[in-house]
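# Structure at a glance
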Amino acid sequence: DVHPCEHLSVRVLVEMAWGDVLAPARFLTTMFHFLVTLSTALEVEPFLLPALPIRYTTEQYEDVHQECIWVLSLSLLGLSIELVSLLAGVTMFEDRTNTMHVLFHGIGCIGVTIFALGSNHFVILWYIFGACGVPALLVELNALLGIFWLRKATFF
């Protein structure tokens with residue numbers, strides 16, 4: 001007679017435990033990334049001045065301000081889409097998707113936090129958005145495409 005637990009290998013147990021950790025870790029990293037980006041968006045003045053010449057016109061200031069608002073708005077929009085999808089449970093149990101989100105949003109959260117601690121040029125936000133925000137959004141859209149259009153989900 002074989003005990004039922006003997007059929008479970010260590011690999012299967014680790015995969016099950018990893019899956020249980022991924023959804024909360026994804027929520028936390030995405031939420032932290034969202035909150036740090038939102039707090040940066042609430043006070044953009046310190047990030048505009050390094051982008052301006054010593055003597056600048058109102059038009060130059062408005063152009064720089066508008067570009068900074070664009071990158072922050074796009075970042076917050078992407079993070080909002082990902083959070084709604086996660087909280088609705090659509091991609092909550094997609095382990096590969098969760099792993100990629102934890103990676104991208106962990107790096108993004110650290111990047112925006114380091115950026116916000118100093119008076120840095122706001123163009124750095126474009127690099128963070130391109131390196132962390134866009135790939136995470138593409139992963140999310142790929143998962144949503146697979147679930148809704150191709151009717152393929154790993155958790156069914």
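Provided above is the structure to which this section pertains.
The text that follows walks through the structure, step by step, so that each part is easy to find. (Residues numbered from 1 in each chain as written. Predicted model: local features only at pLDDT ≥ 70, side-chain atom pairs only at ≥ 80, totals over all residues. Heavy atoms only, no water.)

Right, let's talk about a nonpolar patch on the surface for a bit. Judged by side-chain polarity, L28, F32, L35, L38 and L42 come together as a nonpolar surface patch covering roughly 480 Å² of accessible area. On the basis of relative accessible area, L38 is assigned to the partly exposed category, the value being 31%. (Patch = residues over 30% accessible without salt bridge, like charges linked within 9 Å, V, L, I, M, F, W, Y side chains within 5 Å. Areas by Shrake-Rupley, 256 points an atom, 1.4 Å probe, with all protein chains shown as cover. Salt bridge = Lys/Arg side-chain N within 4 Å of Asp/Glu carboxyl O. Buried < 20%, exposed > 50% of the residue type's maximum accessible area, 1.4 Å probe, protein only.)

With that out of the way, let us pick up a negative patch on the surface. On the surface, E59, E62, D63 and E67 cluster together to form a negatively charged patch. Within the secondary structure, D63 sits in helix α3 (residues 58–87). Judged by its relative accessible area of 45%, D63 is partly exposed. (Lys, Arg positive; Asp, Glu negative; His and termini not counted. Charge placed at Lys NZ, Arg CZ, Asp CG, Glu CD. Helix = DSSP H or I, 4+ residues; strand = E, 2+ residues; numbered from the N terminus.)

Moving on, we get to the side chain of H33. When you line up the elements, H33 lands in helix α1 (residues 10–42). Residue H33 is classed as buried on the basis of its relative accessible area, which comes to 5%. One polar contact links H33 to H105, side chain to side chain, over a distance of 2.9 Å. Every residue in contact with H33, bar those within four places of it in the chain, is listed here: L79, H105, G108, C109 and V112. (Polar contact = N/O pair within 3.5 Å; in protein donor to acceptor, adjacent residues only side chain to side chain. Contact = heavy atoms within 4.5 Å.)

Axis separation between α3 and helix α5 (residues 123–149) bottoms out at 10 Å; the angle between their running directions is 30 degrees. The orientation of α3 with respect to α5, classified from their angle, is roughly parallel. For the pair α3 and α5, the sense of crossing is left-handed. Here α3 contributes E67, W70, V71, L72, L74, S75, G78, I81, E82 and S85 to the contact with α5, which in turn contributes L125, W126, F129, G133, A136, L137, E140 and L144. In terms of residue class, the contact of α3 with α5 is made up of 11 nonpolar, 4 polar and 3 charged. (Axes fitted to C-alpha atoms, helices over the stretch in contact; angles between N-to-C directions. Parallel < 35°, antiparallel > 145°, perpendicular 65-115°, else oblique. Left-handed = near helix turned anticlockwise from the far one by under 90°. Nonpolar A, V, L, I, M, F, W, Y, C, P; charged D, E, K, R; others polar.)

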